[in-house]
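# Examining the three-dimensional arrangement
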Amino acid sequence: MSSVVETVTDLVTPILDEQNFELVEVEFVKEGKSWFLRVFIDKEGGIDIEECAFVSEKLSDKLDSIDPDPIPQAYFLEVSSPGAERPLKKEADYQKAMGQYINVSLYQNIDGEKQYQGFLKELTEDELTLTVKIKTRTKDMVFDRKNIAKARYAIEF
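Keep in mind that what you see is a predicted model, and the values were worked out from it rather than measured.

### Considering the domain arrangement of the protein chain
Domain annotation of the protein chain identifies domain 1 (4–80) and domain 2 (87–153). Distance between the C-alpha centres of domain 1 and domain 2: 29 Å. The interface is formed by 4 residues belonging to domain 1 together with 5 residues belonging to domain 2. Regarding the contact of domain 1 and domain 2, the summed buried area is about 340 Å², with carbon and sulfur atoms giving 32% of it.

Here's what the structure looks like:
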């Protein structure tokens with residue numbers, strides 16, 4: 001279904017560019033018997049519900065005007081904010097997250113753990129350094145970026 005994601009990305013990008021919004025992610029997934037087309041958008045200072053509704057309406061109009069229909073099955077369109085724990089997908093996302101508290105999920109365990117949270121201290125093409133708190137001490141941990149399955153902002157408690 002990557003062609004749906006590519007088509008929607010191409011359609012929504014000009015709408016977002018006009019508003020100075022950022023495209024975070026597009027996903028087209030089946031959950032149970034229903035298909036969902038989800039478009040996650042953001043902007044500096046956060047996105048609000050009216051802005052999501054505006055983009056949803058504009059994108060829906062564009063999708064409806066294409067013949068043949070690029071998404072022949074029935075689906076639900078959802079346009080929303082990625083939330084406080086937004087994923088880090090692109091290199092620019094990682095750059096913006098420098099110094100921020102994030103969560104990384106790993107493909108392979110390190111010291112018996114597959115998830116770590118900490119402050120993003122350093123970033124290179126191959127590695128990511130987090131300052132993590134383990135019990136009462138703070139420690140810098142270096143992760144091979146190839147071992148990172150997912151990364152997202154996290155809320156520190």
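### Some points on the sheet that holds strand E4 (residues 101–110)
Spatially, the 5 strands line up as an open sheet ordered E7-E6-E5-E4-E8, and their pairing is antiparallel. Each edge of the open sheet carries a strand with a single partner, namely strand E7 (137–144) and strand E8 (148–153). If you compare each strand with its neighbour and ignore which way they point, the axes differ by 40° on average. Relative to strand E5 (residues 113–123), E4 runs antiparallel, the two being bridged by 6 bridges. Of the residues in E5, the one forming a bridge with Ile 110 is Glu 113.

### Quick notes on the sheet that holds strand E2 (residues 34–42)
Taken in spatial order, the 3 strands of this open sheet run E1-E2-E3, and their pairing is mixed. Both edges of this open sheet fall to strand E1 (22–31) and strand E3 (76–80), since each of them pairs with a single strand only. Neighbour-to-neighbour, the strand axes of this sheet turn through a mean angle of 15°, independent of strand direction. One ladder, built from 9 bridges, connects E1 with E2; its direction is antiparallel. The residue of E2 that forms the bridge with Glu 31 is Ser 34.

### A short note on the side chain of Glu 51
Here Glu 51 lies in helix H2 (residues 49–65). In this structure Glu 51 touches Phe 21, Ile 41, Lys 43 and Gly 46, once residues within four positions along its chain are discounted.

### Some points on the layout of surface pockets
The volume enclosed by the largest pocket comes to roughly 310 Å³. Taken together, 19 residues form the lining of the largest pocket, with Pro 87, Lys 89, Lys 150, Ala 151 and Arg 152 sitting closest to its centre. Among the secondary structure elements, those contributing two or more residues to the lining of the largest pocket are E1, E4 and E8. In terms of residue count, the dominant contributor to the lining of the largest pocket is E8 (5 residues). Partitioned by chemical class, the residues of the lining of the largest pocket number 9 nonpolar, 3 polar and 7 charged. Residues lining the lining of the largest pocket come from more than one domain, with at least three contributed by each of domain 1 (4–80) and domain 2 (87–153).

How each quantity is defined
- Residues numbered from 1 in each chain as written.
- Predicted model: local features only at pLDDT ≥ 70, side-chain atom pairs only at ≥ 80, totals over all residues.
- Heavy atoms only, no water.
- Domains from an automatic or database assignment.
- Contact = heavy atoms within 4.5 Å.
- Buried area = accessible area lost by both parts, 1.4 Å probe.
- Pairing = 2+ DSSP bridges.
- Helix = DSSP H or I, 4+ residues; strand = E, 2+ residues; numbered from the N terminus.
- Axes fitted to C-alpha atoms, helices over the stretch in contact; angles between N-to-C directions.
- 1 Å grid on protein atoms, 1.4 Å probe; cavity = no way out; pocket = protein on both sides within 12 Å on 5 of 7 lines; lining within 4 Å.
- Points joined across faces, edges and corners; volume = space filled by probe spheres on them.
- Nonpolar A, V, L, I, M, F, W, Y, C, P; charged D, E, K, R; others polar.

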